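Observations on the three-dimensional arrangement
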Amino acid sequence: MEQKSKMPDFIMFFSVILLLGFGVVMVYSASAISAYVTFDDSYYFLKRQILWSSIGLFAMFITMNIDYHFWKKMANPIILVTLILLILVLVPGFGKVVNGARRWLGFGSFYLQPSEVAKLGMVLFYSKTLANAKTNITKFFSGLLPQLLILLLVFGLILKEPDLGTALVIAGTVFVLFFVAGAKISHLASLGSVGVLGIIGAIILEPYRMKRILAFSDPWSDPLNSGYHIIQSLYAIGSGGLFGVGLGRSREKFLYLPEPHTDFIFAILGEELGFIGGFCILALFFLLLWRGLKTAMKAPDRYGSLLATGITIVIVLQAIMNLAVVTASMPVTGIPLPFLSFGGSALIFTLASVGILLNISRNINLK
């Protein structure tokens, strides 16, 4: 009889630590110029990223040492808190507006992004619900359809912020959980078709989204406005070549590329570290995907399997969408790159999620 491992999956652990290390270095490199111009302090974003990384690592070590079944009990309270926060962020006076989007709740000098809570909360909720033996996901009307209520509510609230990218990440992750839980492909395809029509409608109804679609199809039609982000991002990546122009020597970060330390940090990384640096990042995310799914397949129970799958997919799907945006493979959505992009609540909740994944890996034999 195989003995359960008491140690976490070190391959997964070190891939996350390396991604986090890349992130700290690249946040400083990408933000030093804009931080100096805006705050007269080149280390402004670096100091904050180190702080958030430290808090996130602490959260990861805490969740890594809590039995993952604990979160099964907490799933309903967490999803309730998530819904309350998503509603509060839309209330004037509570939600903070940045660049036309109301996505943050302010508490003193700390700002919380409720959609980041929603990513983890939805994975916890659906892992618990779909693991329930009474949930027959193979039946459409009595099994699958009722499961959409919370998803539609959360999706609608996040879309109202507006934040279509995060809403799509959550919806995509939940659909993967439906599939893993045994939902019929024909049922998922039907719901997916309706969802695509709804997304098209949401794009048509919002002029700024239509601008992004048009800019994606032909960024040079409006190079100084809607196509500017994509063009500058491609300039950065194209300038990097095989080995890059050198760490800290990016030209695009001199106030050419908007959001160089957040949504478009991979473009600066590609410029400075080239194809080799970009490939290393992709390899680390692939390692995380591989070990996360392996943990899911070997998890000791259905709940652990669904939970490991959900956490892995929600992180990797964000990475895929961010890289697709940066390389002009899909329209701009405002999705940060996990572990690398500057951010507080996003980094903390992502690392806390990894801690839960690592705890599941401690209960299995990964050989």
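In this report, the structure presented in the accompanying data block is examined.

Cut-offs used in this document
Residues numbered from 1 in each chain as written. Predicted model: local features only at pLDDT ≥ 70, side-chain atom pairs only at ≥ 80, totals over all residues. Heavy atoms only, no water. Helix = DSSP H or I, 4+ residues; strand = E, 2+ residues; numbered from the N terminus. Buried < 20%, exposed > 50% of the residue type's maximum accessible area, 1.4 Å probe, protein only. Contact = heavy atoms within 4.5 Å. Areas by Shrake-Rupley, 256 points an atom, 1.4 Å probe, with all protein chains shown as cover. Salt bridge = Lys/Arg side-chain N within 4 Å of Asp/Glu carboxyl O. Axes fitted to C-alpha atoms, helices over the stretch in contact; angles between N-to-C directions. Parallel < 35°, antiparallel > 145°, perpendicular 65-115°, else oblique. Nonpolar A, V, L, I, M, F, W, Y, C, P; charged D, E, K, R; others polar. Core = buried A, V, L, I, M, F, W, Y, C linked by side-chain atoms within 4.5 Å. Phe/Tyr/Trp six-rings, centres within 6.5 Å; stacked < 30°, edge-to-face > 60°. Lys NZ or Arg CZ within 6 Å of the ring centre and 35° of its normal. Expected span 1.5 Å × (residues − 1). Patch = residues over 30% accessible without salt bridge, like charges linked within 9 Å, V, L, I, M, F, W, Y side chains within 5 Å.

1. Focus on the overall build of the protein chain
Within the protein chain one finds 13 helices and three strands. Taking the principal axes of its C-alpha atoms as reference, the protein chain extends roughly 55 × 50 × 40 Å. When burial is assessed residue by residue, the protein chain has 51% of its 367 residues classed as buried. If you take every contact in the protein chain between residues at least 6 apart in sequence, the share linking residues at least 24 apart comes to 73%. As presented, the protein chain carries roughly 16700 Å² of accessible surface, and 70% of it is formed by carbon and sulfur atoms.

2. Brief notes about the pattern of salt bridges
Oppositely charged side chains can pair when the atoms bearing their charge come close. Throughout the structure, instances matching the rule amount to four salt bridges. One salt bridge connects K119 with E116, and the closest N-O pair in it is separated by 3.0 Å. Of this pair, K119 and E116 both sit in helix α4 (residues 114-131), three residues apart, roughly one helical turn. Grouping residues by exposure puts K119 and E116 together as buried.

3. Side note on the packing of helix α7 (residues 164-181) against helix α8 (residues 185-205)
Running from N to C, α7 and α8 point in directions that differ by 175°, and their axes come no closer than 11 Å. Regarding the angle of α7 to α8, the classification is roughly antiparallel. Within the contact between the two elements, α7 uses L164, L168, F175, F178 and F179 and α8 uses I185, L188, L191, G192, I199 and I203. Looking at the contact of α7 with α8, its residues break down into ten nonpolar, one polar and no charged.

4. Quick look at the nonpolar core
Y126, F178 and F339 are the most contacted members of the largest nonpolar core, which has 95 residues in total. When neighbours within four sequence positions are excluded, F339 is seen to be in contact with V16, L19, L20, G23, Q49, F285, L288, I315, L347, T350, L351 and V354. Residues L85, V89, L105 and L112 belong to the second largest nonpolar core, which totals five residues.

5. Focus on the side chain of T309
Looking at where T309 falls in the secondary structure, it is placed in helix α12 (residues 302-326). Those residues in contact with T309 that sit more than four places away from it in its chain are V176, L177, V180 and A296.

6. Concerning the packing of aromatic side chains
This model, assessed by the stated rule, comprises 18 aromatic pairs. Pairing F39 with F45 gives two aromatic rings, centres 5.8 Å apart and planes at 80°, and the pair type is edge-to-face. What makes F45 buried here is its relative accessible area of 11%. On the numbers, 6.0 Å between centres and 20° between planes, the contact of Y68 with Y303 is stacked. In this pair, Y68 is assigned in the loop between α2 (44-64) and α3 (70-88) and Y303 in helix α12, connecting sequence segments 235 residues apart. Using a relative accessible area of 1% as the deciding quantity, one classes Y68 as buried. Y303 gets classed as buried once you look at its relative accessible area, which sits at 2%. Chaining the aromatic ring pairs together yields one cluster made of F10, F13, F14 and F61. Across the ring face of Y44, the terminal group of R48 is positioned such that the distance to the ring centre comes to 3.7 Å.

7. Side note on α7
The first and last C-alpha atoms of α7 sit 25 Å apart over 18 residues, in line with the 26 Å expected at 1.5 Å per residue. All of the buried residues in α7 are L164, G165, T166, A167, V169, I170, A171, T173, V174, L177, F178 and A181. Once α7 finishes, G182 follows within two positions and takes phi at roughly 115°, a positive value.

8. Focus: unusual backbone geometry
Between E161 and P162 the backbone carries a cis peptide bond, its omega angle lying at 0°. Inspection of the secondary structure puts P162 in the loop between α6 (148-160) and α7. One non-glycine residue, D40, lies in positive phi territory at about 60°. Looking at where D40 falls in the secondary structure, it is placed in the loop between α1 (10-39) and α2. At F339, a residue that is not glycine, the phi angle is positive and equals roughly 75°. Summarising the element assignment, F339 is placed in the loop between α12 and α13 (345-361). Judged by its relative accessible area of 2%, F339 falls in the buried class.

9. Considering α6
Relative to the 18 Å expected for 13 residues at 1.5 Å per residue, α6 spans 18 Å between its end C-alpha atoms, a close match to the ideal helical length. Summarising the contacts, the buried residues of α6 are in contact with α3, α4, α5 (140-144), α7 and α8.

10. Considerations on a nonpolar patch on the surface
Nonpolar side chains collect at one region of the surface, where L242, F243, F275, I276 and F279 lie side by side and expose about 550 Å² of accessible area between them. Note that F243 resides in the loop between α10 (228-240) and α11 (265-298).

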